[in-house]
Amino acid sequence: MGDWIYLIVSIAVVGVLTLAGLLVSGRRKGQLPPSGGTDVIAPPPPTEGEAAVEAPPEPAVVTEEPAAPVLEKPEGTASRLVRLRQRLARSQGGLGQGLLSLLSRDRLDEDTWEEIEDLLLTADIGVAPTQALVEKLRTRLRVEGDRSSDVRSVLREELIELVGTDMDRRVQVTGTDGKPGVVLVVGVNGAGKTTTVGKIARILVAEDLTVTLGAADTFRAAAVDQLATWGERVGVEVVRGPEGGDPASVAFDAVKRGTDDGVDTVLVDTAGRLQNKAGLMDELGKVKRVIEKQAPVTEVLLVLDATTGQNGLIQARVFSEIVDVTGIVLTKLDGSAKGGIVVQVQRELGVPVKLVGLGEGADDMAPFDAAAFVDALLG
Ligand SMILES: Nc1nc2c(ncn2[C@@H]2O[C@H](COP(=O)(O)OP(=O)(O)OP(=O)(O)O)[C@@H](O)[C@H]2O)c(=O)[nH]1
């Protein structure tokens, strides 16, 4: 009987243990990876903060329309010389004020007249015009007696006459027979040619004329880019050729394009190296001939740097021998006290100063006017 009890207790213990084993085994099964999977150590899921640092943001899709170029509105001609008058007065005032104070002395003795002559010569008016002016002033101020009241008006009248009121200073920018006007701009490098072409284009645009630019200064690549920028700013087309290419061919293309497009004016920038007069003559001569296969050149503007004085005059002479200059653009008058060069260069070349450059700003160029110039001089 004791054996039976022992057997029954043993079976019960084994049964309880087996049941317990089955329960534990079932719990473990729920924690195991699915059969056939590989055990891997996965990186912890990123926290929110780390996600902001590590995950690169989705690239933004930019669907902006290309911005239309904003064209500048150049200043009209009427206000230009008025606006620039102060600048002219600042650079040339020494001459005007100096003359006025000398002529206003109680006694105009020989020493004073000599000082007046020196002042005029220093301002680059030139020997012959200086002597002529002094003679006239002597006569008028002697004859007209009471000097103090009208010294200023006598001087003003004589200076205006010296600068000249009877010259046609209009720039011929339009053509005839349905052809554009063609303005050829010549001068030594650095005189301000490219700038001048750009500034004239702005004047024309302000006057509602249509313009094409020819970048025939193929000698200096930067000059072509410079001109292109001037054109872009006011929506004017710039015809350019390869660097170092034939300037005449660029000029031809520009005038052809301008003619085909029916523009009012084609402005042609040229190269102006002076090392070799024969070469320059060939080049400018060819440019002009080639242009004239399509349309007459209506104006040849010689650009002269006012700060170069006598040197500039020598250059001017060379150019006028090569091409038929019809007008002078005097640049950098704002930086030179030698405004008398206006008088000298007109006498030397027999052509009028038509435009003056009075600063580096895009609209710092104005049509030249004798009275306004003298008024600025006298302050
Ligand atoms: N202060 C002043 N500077 C000017 C004037 N006109 C031109 N300049 C400056 O003179 C420098 C030369 O001008 P450019 O137009 O490049 O001269 P360029 O004759 O065309 O020279 P190339 O292109 O080499 O043939 C530039 O820095 C201009 O800004 C002016 O009236 N006043």
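Computed from a predicted model, the values in this text were never measured in an experiment.

**Student:** Just give me the short version of the confidence of the model for the protein, but keep the residues and values in it.
**Tutor:** Counting all residues, the mean pLDDT for the protein is 82, and 79% of those residues have values of 70 or more. Least confident of the elements in the protein is helix 2 (residues 48–54), whose mean pLDDT is 38; most confident is strand 1 (residues 181–186), at 97. Here residues 13–63 scores under 50 on pLDDT; set against residues more than four positions off or in separate chains, the count is one contact.

**Student:** A description of the site of the ligand should follow, citing residues and the corresponding values.
**Tutor:** Around the ligand, 20 residues are found, and the nearest of them are Asn189, Thr194, Thr195, Arg220 and Glu360. In the model, an oxygen atom of the ligand is placed 3.1 Å from a nitrogen or oxygen of the aspartate 217 side chain. For the ligand, an oxygen atom lies 3.0 Å from a polar atom in the backbone of lysine 332. In the complex, the protein chains occlude 82% of the 650 Å² of accessible area that the ligand would expose alone. For the shell around the ligand, the secondary-structure elements that each account for two or more residues are helix 7 (193–206) and helix 8 (221–234). Among the elements that line the shell around the ligand, the one with the most residues is helix 7, at four residues.

**Student:** Summarise unusual backbone geometry; cite the residues concerned and give the values.
**Tutor:** The phi dihedral of aspartate 177 is positive, around 55°, even though this residue is not glycine. Secondary-structure assignment places aspartate 177 in the loop between helix 6 (147–163) and strand 1. Relative accessible area serves as the criterion here: at 75%, aspartate 177 is assigned to the exposed category. Positioned with a positive phi, lysine 332 is a non-glycine residue whose angle comes to about 60°.

**Student:** Which residues make up the packing of helix 7 against helix 8, and what values go with them?
**Tutor:** Between helix 7 and helix 8, whose axes approach to 9 Å, the crossing angle comes to 15°. Classified by the angle between their axes, helix 7 and helix 8 sit roughly parallel to one another. Once helix 7 is placed against helix 8, the crossing between them reads as right-handed. Two secondary-structure elements touch here, helix 7 through Thr194, Thr195, Val197, Gly198, Lys199, Arg202 and Val205 and helix 8 through Ala223, Gln226, Leu227, Trp230, Arg233 and Val234. Across the contact of helix 7 with helix 8, the residue classes tally to six nonpolar, four polar and three charged.

Criteria and cut-off values
Residues numbered from 1 in each chain as written. Predicted model: local features only at pLDDT ≥ 70, side-chain atom pairs only at ≥ 80, totals over all residues. Heavy atoms only, no water. pLDDT = per-residue confidence, 0-100. Helix = DSSP H or I, 4+ residues; strand = E, 2+ residues; numbered from the N terminus. Contact = heavy atoms within 4.5 Å. Near = heavy atom within 4 Å. Polar contact = N/O pair within 3.5 Å; in protein donor to acceptor, adjacent residues only side chain to side chain. Areas by Shrake-Rupley, 256 points an atom, 1.4 Å probe, with all protein chains shown as cover. Buried < 20%, exposed > 50% of the residue type's maximum accessible area, 1.4 Å probe, protein only. Axes fitted to C-alpha atoms, helices over the stretch in contact; angles between N-to-C directions. Parallel < 35°, antiparallel > 145°, perpendicular 65-115°, else oblique. Left-handed = near helix turned anticlockwise from the far one by under 90°. Nonpolar A, V, L, I, M, F, W, Y, C, P; charged D, E, K, R; others polar.

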